[in-house]
Amino acid sequence: MEVRINVPKTGLTDDGVKVIGEGLDTKECPTNYIDLSHNSKVTDLGVFYLARGLAKNTTVQVLKLNGTGLTDRGLDVIAKALETNSALRDLSIKGTSVTPAGLQSFSRSIQLHNRSLKTLETSPHLPACKGLTRCPGKKAPEANTGNGNSWTNFHF
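The model shown is predicted, which means the values in this text are computed figures rather than measured ones. (Residues numbered from 1 in each chain as written. Predicted model: local features only at pLDDT ≥ 70, side-chain atom pairs only at ≥ 80, totals over all residues. Heavy atoms only, no water.)

Observations concerning the pattern of salt bridges
Line of reasoning, step 1. Scanning the model with the defined rule gives 3 salt bridges in all.
Line of reasoning, step 2. Across the salt bridge formed by Lys56 and Asp25, the nearest N and O atoms sit 3.8 Å from each other. A residue pair is termed long-range when its members are at least 10 positions apart, and Lys56 in helix α2 (residues 44–56) and Asp25 in the loop between α1 (14–24) and β2 (31–35) qualify at 31 residues.
Line of reasoning, step 3. On the basis of relative accessibility, which here comes to 59%, the residue Lys56 falls in the exposed class.
Line of reasoning, step 4. Overall, the relative accessible area of 36% leaves Asp25 in the partly exposed class.
Line of reasoning, step 5. Glu83 is paired through a salt bridge with Lys80; the nearest N and O atoms lie 3.5 Å apart. (Salt bridge = Lys/Arg side-chain N within 4 Å of Asp/Glu carboxyl O. Helix = DSSP H or I, 4+ residues; strand = E, 2+ residues; numbered from the N terminus. Buried < 20%, exposed > 50% of the residue type's maximum accessible area, 1.4 Å probe, protein only.)

Things to note about the pairing of strand β1 (residues 3–6)
Line of reasoning, step 1. Of the pairings in the sheet, the one linking β1 to β2 comprises 4 bridges and is parallel in character. For Asn6, the partnering residue across the bridge sits in β2 and is Asp35.
Line of reasoning, step 2. One crossover worth recording links β1 to the parallel β2 by way of α1, and it is right-handed. (Pairing = 2+ DSSP bridges. Right-handed = clockwise from strand over helix to strand, strands pointing away.)

Some thoughts on the nonpolar core
Line of reasoning, step 1. In terms of nonpolar packing, the biggest core is built from 32 residues, with Ile34, Leu50, Leu65, Ile78, Leu91 and Phe106 touching the most fellow members.
Line of reasoning, step 2. Broken down by secondary-structure element, the contributors of at least two residues to this core are α1, α2, α3 (72–81) and α4 (100–113). (Core = buried A, V, L, I, M, F, W, Y, C linked by side-chain atoms within 4.5 Å.)

Considering α3
Line of reasoning, step 1. Three or more residues of α3 are buried, namely Gly74, Leu75, Ile78, Ala79 and Ala81. Take α3 and look down its axis: the buried residues cluster within an arc of 160°, on one side only. Exposed residues on α3 whose side chains face more than 90 degrees from its buried face are Arg73 and Lys80.
Line of reasoning, step 2. Packing partners of the buried residues in α3 comprise α2, β4 (90–92) and α4. (Arc of directions from axis to C-beta. Contact = heavy atoms within 4.5 Å.)

So, α2
Line of reasoning, step 1. Helix length check: α2, at 13 residues, gives a terminal C-alpha distance of 19 Å against a target of 18 Å (1.5 Å per residue), a fit within 8%.
Line of reasoning, step 2. Buried-residue contacts for α2 involve α1, β2, β3 (62–64) and α3. (Expected span 1.5 Å × (residues − 1).)

Thoughts on the packing of α1 against α2
Line of reasoning, step 1. Remark: α1 packs on α2, axes separated minimally by 7 Å, with the N-to-C direction vectors making an angle of 5°. The angle between α1 and α2 places the two elements in the roughly parallel class. The segment α1 lies against α2, with Asp14, Val17, Lys18, Ile20, Gly21 and Leu24 engaging Leu45, Gly46, Tyr49, Leu50, Gly53 and Leu54.
Line of reasoning, step 2. Classifying every residue of the contact of α1 with α2 by side-chain character gives 7 nonpolar, 3 polar and 2 charged. (Axes fitted to C-alpha atoms, helices over the stretch in contact; angles between N-to-C directions. Parallel < 35°, antiparallel > 145°, perpendicular 65-115°, else oblique. Nonpolar A, V, L, I, M, F, W, Y, C, P; charged D, E, K, R; others polar.)

What to know about the packing of α3 against α4
Line of reasoning, step 1. For the pair α3 and α4, the least separation of the axes is 9 Å and the interaxial angle reads 5°. In terms of orientation, α3 lies roughly parallel with respect to α4. Contact residues: Asp72, Leu75, Asp76, Ile78 and Ala79 in α3; Gly102, Leu103, Ser105, Phe106 and Ser109 in α4.

Below you can see the structure in the form of structure tokens.
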């Protein structure tokens, strides 16, 4: 059964994300898709709450944070959660304030510690991370993350 938390463009705040994050931290959580996109009041604090739940969650496979207040700090928190999370395979962070340096830090962490993430969607302004790119319009082999997975949708 697919259970979705689909709340884009709803005015969601960090307090609302805290409730979602707490719910992810339960064994009974059947949620496998979360879309919090285009809620500009969701900041790194909300992502911190979400990441705490994701660290223990075994069901969420898709997380969309497009157009939120996510920055490098929040992306670092997600990377830390993915050290123990074995379910998340698709992450989308288009239209956020993540910088090239933050994206490279994230990619290094994922290469070392994550076994499940397969797709990362980013904003077009972010430069390619060495060894992880598959740019639109450019024929390039899928990059091996060192954990048996390949990045198949790393957009720039």
